[in-house]
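# Analysis of the macromolecular model
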Amino acid sequence: MSGIAVMTDSNCGIMPEEGRKLGIHVIPMPVIIDGRTYFEGVDITAEDFYKKQAAGAEITTSQPSPGDVTAMWDKLLKDYDQVIFIPMSSGLSNTCQTAVMLSDDDTYSGKVFVVDNHRISVPQLQSVYDAGALAEEGKTAAEIKEILEKEALDASIYIAVDTLEYLKKGGRITPAAAAIGTVLRLKPVLTIQGGKLDSHAKTRGMKSAFRTMLQAVKDDIYSRFSHLKEQGVLKVGIANTPMDPDALEAFRSEMKKNFPDMELVYSPLTMSIGTHIGTGGLGIGVFRSHI
């Protein structure tokens, strides 16, 4: 036995097979489609998922079962001394709280450390990479947990939604508001600031939504994250649900143009997120990194 196993869930954008190649242990998030449970990157592809969504399937999300989580811990602890588990933000799912409760059991005490660093998608992915780098530096799992949670709020995400249909289905907006928004071509801009998904702005059209998000990221960089910008430890990110490739490339080019001295990290948004925002969604953000 040796070292620390880094574990996460597929909301970071890495699917289980890719994770195996990277030495990262990924538990797939369940999506429930017309009453049947599928697992991201295991028995359903993104292409099939969005086909079912477009056809009007009833889709909901769920957290991994406690049994699946502990089964992965048991397997990892046969080969590793400790496990550092970085699930999606506790403000967006009960996955983290459930894992913390499970890790308190005598079987896992001092061996499994659950990190709530309030991230999802690209910033969550960065935390996973950071955990691996910190482990290589000789940090213990307890020290890695402390570092990542201390820096939890050093990240900011903005998401533009192309359709209001799935926010309506999820009960986040009323049917009347969705109908009015559709007629007026309103594209809500949502934000994640260390917790739940909140409203940031309403815009008309995706180009306007992108400009609004771009300005919000700039404001964050040169205000509350200015000290991190000076230290050179910030990266920017972009993620999306399926959209026109040319439109996505245009958005990526604008990000590079606006942040020429910062690394741009890209990852597709996962099915769990796509359940709530549908196709054509776009997210951008800024976050602290260690590597």
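Numbering of residues starts from 1 in each chain and follows the order in which that chain's sequence is written. Confidence filtering applies because this is a predicted model: local features only for residues at pLDDT of at least 70, side-chain atom pairs given and counted only at 80 or more, and all residues used for totals across whole chains, interfaces and linings. Note that the side-chain values use all heavy atoms of the structure and ignore hydrogens as well as water.

A few words on unusual backbone geometry. For D34, which is not glycine, the phi torsion reads 50° and is therefore positive. Every helix listed is a DSSP run of H or I at least four residues long, and every strand listed is a run of E at least two residues long, numbered separately from the N terminus. Here D34 is to be found in the loop between strand 3 (30–33) and strand 4 (36–39). Categorising residues by exposure relies on relative accessible area from a 1.4 Å probe, with only protein chains included: less than 20% of the type maximum marks a residue as buried, more than 50% marks it as exposed, and the intermediate range marks it as partly exposed. The exposure class of D34 is exposed, given its relative accessible area of 57%. Look at H118: it is not a glycine, yet its phi comes out positive at around 55°.

Let's shift gears to the sheet that holds strand 1 (residues 4–9). Pairing between strands requires that DSSP locate at least two bridges from one strand to the other. If you walk across this open sheet you meet the four strands as 2-1-6-7, and the pairing is parallel. Here the strands that pair on one side only, and so sit at the sheet edges, are strand 2 (25–27) and strand 7 (112–114). When strand polarity is set aside, the average angle formed by the axes of neighbouring strands in this sheet is 25°. Bridging between strand 1 and strand 6 (residues 82–86) involves five bridges; their strand directions are parallel. The residue of strand 6 that forms the bridge with M7 is F85. The sheet contacts of helix 3 (residues 66–76) involve strand 1, strand 2, strand 6 and strand 7, and relative to strand 2 the element is tilted by about 165°. Most of the contacts of helix 5 (residues 121–136) go to strand 1, to which it runs at about 175°, and overall it touches strand 1 and strand 6. Every axis in this analysis is a line fitted to C-alpha atoms, fitted for helices over the stretch in contact. Angles between the N-to-C directions lie between 0 and 180 degrees. The contact definition used throughout considers only heavy atoms, calling two residues in contact when any of these lie within 4.5 Å.

A pairing counts as a salt bridge when a side-chain nitrogen of Lys or Arg comes within 4 Å of a carboxyl oxygen of Asp or Glu. One pass over the structure, following the stated rule, counts nine salt bridges. The residue E149 makes a salt bridge to K145 at a minimum N-O spacing of 2.9 Å. Note that E149 and K145 are positioned in helix 6 (residues 141–150) at a spacing of four residues, about one turn of the helix. Taken together, the shared-partner salt bridges connect E151, D154 and R288 into one network.

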